Structures are given as C-alpha cells and as structure tokens.
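The chain contents come next:
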Protein chains: 2
Amino acid sequence: MTMDDFLAVPDFGLGWLDASGPHADIVLSTRVRLARNLQGHRYLSRASDSDRQTVFRAVARAVDQASLPDDPVLLPLAELRRRTQRILLERRLVSDEIIGRSEPESGAGVAVCPRETLSVMINEEDHLRLQCLMSGLRLVDGWSRVDGLDEELGRHLPLAYHHDFGFLTSCPTNVGTGLRASALLHLPGLVLTKEIDRALNGIAQVGLTTRGLYGEGSKFVGNFFQVSNQTTLGQSEEDLIDHLDRIVATVISKEREARRVLMRDAGAVTEDQVWRAYGLLRYARALTYEELMNLLSGVRLGVSLKVLPSPPVYSLNRMMIFSQTAHLEDAAGCPLSSSERRAHRAEYVRRALRDESAHGTSDPGP
Amino acid sequence: MTMDDFLAVPDFGLGWLDASGPHADIVLSTRVRLARNLQGHRYLSRASDSDRQTVFRAVARAVDQASLPDDPVLLPLAELRRRTQRILLERRLVSDEIIGRSEPESGAGVAVCPRETLSVMINEEDHLRLQCLMSGLRLVDGWSRVDGLDEELGRHLPLAYHHDFGFLTSCPTNVGTGLRASALLHLPGLVLTKEIDRALNGIAQVGLTTRGLYGEGSKFVGNFFQVSNQTTLGQSEEDLIDHLDRIVATVISKEREARRVLMRDAGAVTEDQVWRAYGLLRYARALTYEELMNLLSGVRLGVSLKVLPSPPVYSLNRMMIFSQTAHLEDAAGCPLSSSERRAHRAEYVRRALRDESAHGTSDPGP
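A.B. asks: Now, about the domain arrangement of chain A: what can you tell me, with residues and values included?
C.D. replies: Residue and element names in this part refer to chain A. Each assigned domain of chain A is listed with its residue range as follows: domain 1 (1-18 + 31-176) and domain 2 (266-359). Between domain 1 and domain 2, the C-alpha centre-to-centre distance is 31 Å. Regarding the contact of domain 1 and domain 2, the summed buried area is about 1200 Å², with carbon and sulfur atoms giving 54% of it. The largest contributions to the domain 1 side of the interface with domain 2 come from Leu17, Arg83 and Glu90, which together make up 52% of the buried area. The interface formed by domain 1 and domain 2 includes two salt bridges. A salt bridge links glutamate 329 to arginine 86; the shortest N-O distance between them is 3.3 Å. Here domain 1 is connected to domain 2 by nine residue pairs in polar contact (both at pLDDT 80 or more). Residue composition of the side of domain 1 that touches domain 2, grouped by class: five nonpolar, no polar and six charged.

This is the structure:
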C-alpha cells in the first residue's frame, strides 16, 4: 500500500476514536510524544536539502528494520495530495508546521502504525517526533509505548544525547526528555458551573499548560481543553508523566463533581440544552465546524449524563474528525466552498445520527 | 351533554383547525362577528343582575327554538370550572372580558355549534355576540353563515335596531352593522424579507387594523397578524366584507411573492432555519408558548414551501391550540407551575411530531 491508498483503511491512525480508554467520556485522548535528533546531522533549521533527504532515508530504513507492534506505513508528504496531507493533519498525525514544508526537497514525512496509534514524523522541527495517541487517560501506558518505540528505533539510529542535558532538540524548550504529554479533556461541567477559570488557574500554578483542541494558540472550542507538561528538563520522564497524570485525575474528579452539581441544581435546564443540541444536529442543513463542536459538546455531555441514550462516544469522536474540511472534501471527491462545506458537514452529521438511531435500541425518542 | 363534558368532543368548536379553507397555508382562520342587543333591555353597562339573567334566558330560549345547522351546546359560564372557561378562551369561543365577569349573577354564557364553527356569546359587551370562525380565507362565506344565524335568532328575539344608525350596540364603535370581520394571517415571508412594515402601513391606510394573535394590544407572536375592519357604520355589510377580502387577497399575494424571493435569494438559509425549528420542536424539553409559536412559524413556512414533508397544517394548528396553558392543565388533570407548563408543552409537541412522523410516509428524514 502506498501513497493515498492508505485512506481506504477504516479509521486509519485513529485507534483512539474507539473510546475504550479509562474516563473516555471526559478524556478524549492521551498523547505522548518524544523529540529526537540524529547524531552527526545538522538540526533542521540549518540543514540543507540533501541533509534532510539523508535524514529521511535513515529514519525510513530504521522504521523498516525495527520490530514494531504493527506494520508502519511510510508516507513521504511530497508524494501525497494536498488534501491527503490535510487529512493527516485533521487526524493529528502530522503538524501544521510539517505540512507547510512538504515540498519534495524537505524530506518531510510520517510513518504510521495504522492500528497501534503510534507514529513518527520525520523532519518536522526535529529529525524525529515519536507520538502515541490513545483513547482516554492512559499517560503511563502511552509513555511506555512511545518509550518502546524510542528504544527500538534507537537500536537502528544514533540519537543525539548529552550526558548533562539529556536528549538534544532543535528548540531548547524540548531539551532533556524531549517529552511532551497531554490529555484532551472535555469539561462542559466546569464551564457551565463557571468553575473553569479556577480549574485552569490551578493547572497553570502546578507548571502545566492548557491549550485548545488544535494546540498552541487555538481557541477553546466545544469545551475541549488540552492539558500538557511545560517543562522537559530536570525531571525523569516517569516523574513528568506521574505529575501530569495526578493533576488530570484531579481535574476529572472536579468535572464529575461539576456535572453532579449541574444535574442536581439545573437538571431540567441541562436536559433541555442537550436535547436541543441533539435536535439541531439531527436536522440542521448547514453547520460551521465551531457550531458543530459546540453542539457535539452538548450531546457528549448528555450521553455521559445518560440523559441521551445515544450516540456512543465512538460516533461522537468520529463526527469530530470526519466533519473537518479535508475529510468532507475527500468524501465529496472535490473541493468545497465554505457554504458547501457547511451543507456537507450538516448532511454528514445528520446521516451519522440517523444511522445511529436506526440501529438497535438507541433511538432517542421523546 | 352539560357542563364540562363537552370537552370530550374531539376538537369541540375548532372546526377551523382542519385547514380545509382557501389559502389555509397562509390564512389560519377567518372570523366574522356581529354585535346585537335586545330591544327593551338595558345595555350591559347599566344592567342589573336580574336584567342579565332575563337576557340570558331569552337568548337561551331563542337558541333552543331556532333552526340552526348544528345542535348548539349552551354553556352558562358560572357553571363551568375556571380551567374550562380558559379552554374556551384559548379556542377563541369566548373573550377575556366575558371570562372576567363569569360570576353567577352575570348571566354570561356561550352557545356553541360544535361542528359548524358558529357560536353566540351572551352578555359579553353586548347582549349577543354572534361569531363564525372558519378555516382559510372565507369572508363572504363566513358573513353569509353569521348572517343566517342572525336572521334565525332575529325571528325569535326582538333586536335593537334604529332606522338611521342601524343595529345599536353598547359601544358606539360597533354601531351600524355591528360587524367585525378579520383574517388571521401567517406572514413569515414578509417578515423575513423585511417588507412587513410596508405591508402593515398599506393595510392601515385603507382603514383596516392589524393586531396580534389574541386581539387588541397583543404582540405579533409567531409572525401572525390579524387584519380586521375598523369601521362598522356607513357601509353595507357586503361592502365591508368585500373591501377586507380584496385587501387580504393582496396581502396574501405579497406574502407568496416574498416567499418566492426568499427561496430564490436565500433558499439554503431558509431551509436550514425551518429544519432547525423542526429539530428544536422535535427534541426540546422545555418551551415557552412564545418560543413554540416562533418555532411553529418556521415549521409552518417550511411545510408551505414544501421544504418539510410534514406535519400537515391541521397538526400545526392543533399544536398551537392544545399547547396553551389551560389545555395543558386539562390534559395533565392538575394545575401546572410555569416550569411544568414549559415541560408539558415540549412533551406534547414532541409526541405530536413523533406520531406525525411515525404515521405514513411523512417522516422528514435528512
């Protein structure tokens, strides 16, 4: 399988969608990534075209030789259509930055284990970015998987390491462990009970960062908050992961408490709101992505509170991903204007919800 | 059948609901009423309790003796429960005013032909108020029916008539013909294309009045406008009716034109709006009457434009009537707080729409 064909694999690179992890009704996904560079090769900010190609080939060979839990698919970005690159972006398998430099000389690429939620970006900010993306709150497990991947690749590649600083990275903020771990949390309870600012302040005070759905600088859409570590130096990976894990667990219990308070003090209003969100998704003829995310947030809350009998979290996760622009254009087989996107998005969601309510016992009747 | 039992008759006094009249997608109903008083009896503003009782008995006897198209049910208001009185009000068979004076001494009552849409209020502002309420735009027909009722009752009752002024009434604004005719119009097209003010000004300039759904002083809720004659003197009944009929026909054609423009210039937005209204009605858990009317307005427009395959106009009309407070309390069998009303209203509408989409081929799928 080469080039764009991998898109035919259902949920390619989207193993986390299945909502199988702990607290999956609140924690959409856990992400652990390691920044690594090759010894004896210039950092990418100073690398020539031929340096980049050399790095790409070295990594590709290592990925091929390494013993990995799943056969990885190697995707040189320059050989993919623009829309396919954006599909990978929408699936969080590549970054905005690497897509912006996907000309043939860049040596940019990604290797993806289709089912195992592991991937490696090549020639992004660092020579390698190892990533594990899993359902629910599974920081320790995610760390152990990406650590295994790191060890396996390290057996075939000489990684740049300094005995005082640790792993060397292109940007000093990543030096040391090269580790960035995050959990993507859905916190409508804290938002609706107006406790969210206090919670975010608490997170900032213990040295963690909160971002929107799409990383740095992105807005808090759909009540999603991505909590991650800020420091990478001076602590072991295990300590960094453990710290983040404990804080996220606290936020989850605050969110659960907020939801209890919400149902106790404003149960009828909340029920009305989540059913209205469902009704709009079920019948609207045009949806912006932002409105969709906000309505899905209401439905996700409703399902978690058992106010809505369906759809399952897997379907909600899937709607988030497949109603993004590149996914919609891929399904349509052509570029879409912004009004066409809104119409296709609404149609996609409508069909998904109708199929959901038609199958089995999950029709959310009155 | 006496007292409150008449409520068991389906759609009692609601013959106009069936949407069988001309232009029923725009004209909810036509109403023609005549104010009449008995010779030799004091006007009600000066009448004693015993005068009122005498008038009530005289009218009751005449109604009983008259040859009418349908057996009338005579309802002395004082013998009805308060909720039943309000149900009659919500069905537009009695007025706010008569309900406010329904103590036993008032002699207030109403006689209703259950199927024939004719009714007679007794001891409201005048001794008699004859009313015909029909589906669609049927002013000429409505006038002829109420005229027939007037003639028939006039054979059994001496009506106050002056050869210069015509019929004498309690309030001078009704003197002459005693005729008030109106059409209740649904004008979302003119509202959405912002042509409504011009249309209302045009109506005012030709001597007609526009009011909200519930008569004088009521708000324009749900894009409903009631257009009626202002003068009752100096023109024959036929001329008054003909004038109103022609103006309403003009407004209807302007509304149809506005709907064409709307679909031509903003078809996608309009479709989205009417489906969203449907979605909210289908799933909301709490609805104020005002919001309900506004959402029903969207759905009514959608059905008229064939954007929505269902529900039929009859069902929309029925939802308007049966989701009012007294109707909801009657169905619940107990008084309802305002939050309970909102919840019961939403549930009533939800069930009605679900039944509608379950029966036959009218499921508005995506």
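Next, the rest of the story.
A.B. asks: Could you give an account of the packing of helix 9 (residues 313-322) of chain A against helix 11 (residues 338-358) of chain A, naming the residues involved and the relevant values?
C.D. replies: What describes two packed helices is the angle between their axes and the distance between those same axes. Residues and elements named next belong to chain A. With their axes 10 Å apart at the nearest point, helix 9 and helix 11 run at an angle of 165° to one another. Put simply, helix 9 runs roughly antiparallel to helix 11. With respect to the hand of their crossing, helix 9 and helix 11 are arranged in right-handed fashion. Within the contact between the two elements, helix 9 uses Ser315, Arg318, Met319 and Phe322 and helix 11 uses Tyr348, Val349, Ala352, Leu353 and Glu356.

A.B. asks: An account of the sheet that holds strand 9 (residues 208-211) of chain A is needed here, citing residue identities and associated values.
C.D. replies: Residue and element names in this part refer to chain A. Here eight strands make up an open sheet; going across it, the order is 2-3-4-5-1-8-10-9 and the pairing antiparallel. The two strands at the open ends of the sheet, each matched to only one other strand, are strand 2 (73-76) and strand 9. For this sheet the average axis-to-axis angle between neighbouring strands, irrespective of direction, equals 20°. Note: strand 1 (residues 27-36) against strand 8 (residues 179-186), seven bridges, orientation antiparallel. Looking across to strand 8, one finds that valine 32 is bridged to alanine 181. Sitting on the sheet, helix 7 (residues 237-283) is in contact with strand 1, strand 8, strand 9 and strand 10 (224-229), with an inclination near 10° to strand 8.

About the thresholds
- Residues numbered from 1 in each chain as written.
- Chains lettered and ligands numbered in written order.
- Predicted model: local features only at pLDDT ≥ 70, side-chain atom pairs only at ≥ 80, totals over all residues.
- Heavy atoms only, no water.
- Domains from an automatic or database assignment.
- Buried area = accessible area lost by both parts, 1.4 Å probe.
- Salt bridge = Lys/Arg side-chain N within 4 Å of Asp/Glu carboxyl O.
- Polar contact = N/O pair within 3.5 Å; in protein donor to acceptor, adjacent residues only side chain to side chain.
- Nonpolar A, V, L, I, M, F, W, Y, C, P; charged D, E, K, R; others polar.
- Axes fitted to C-alpha atoms, helices over the stretch in contact; angles between N-to-C directions.
- Helix = DSSP H or I, 4+ residues; strand = E, 2+ residues; numbered from the N terminus.
- Parallel < 35°, antiparallel > 145°, perpendicular 65-115°, else oblique.
- Left-handed = near helix turned anticlockwise from the far one by under 90°.
- Contact = heavy atoms within 4.5 Å.
- Pairing = 2+ DSSP bridges.

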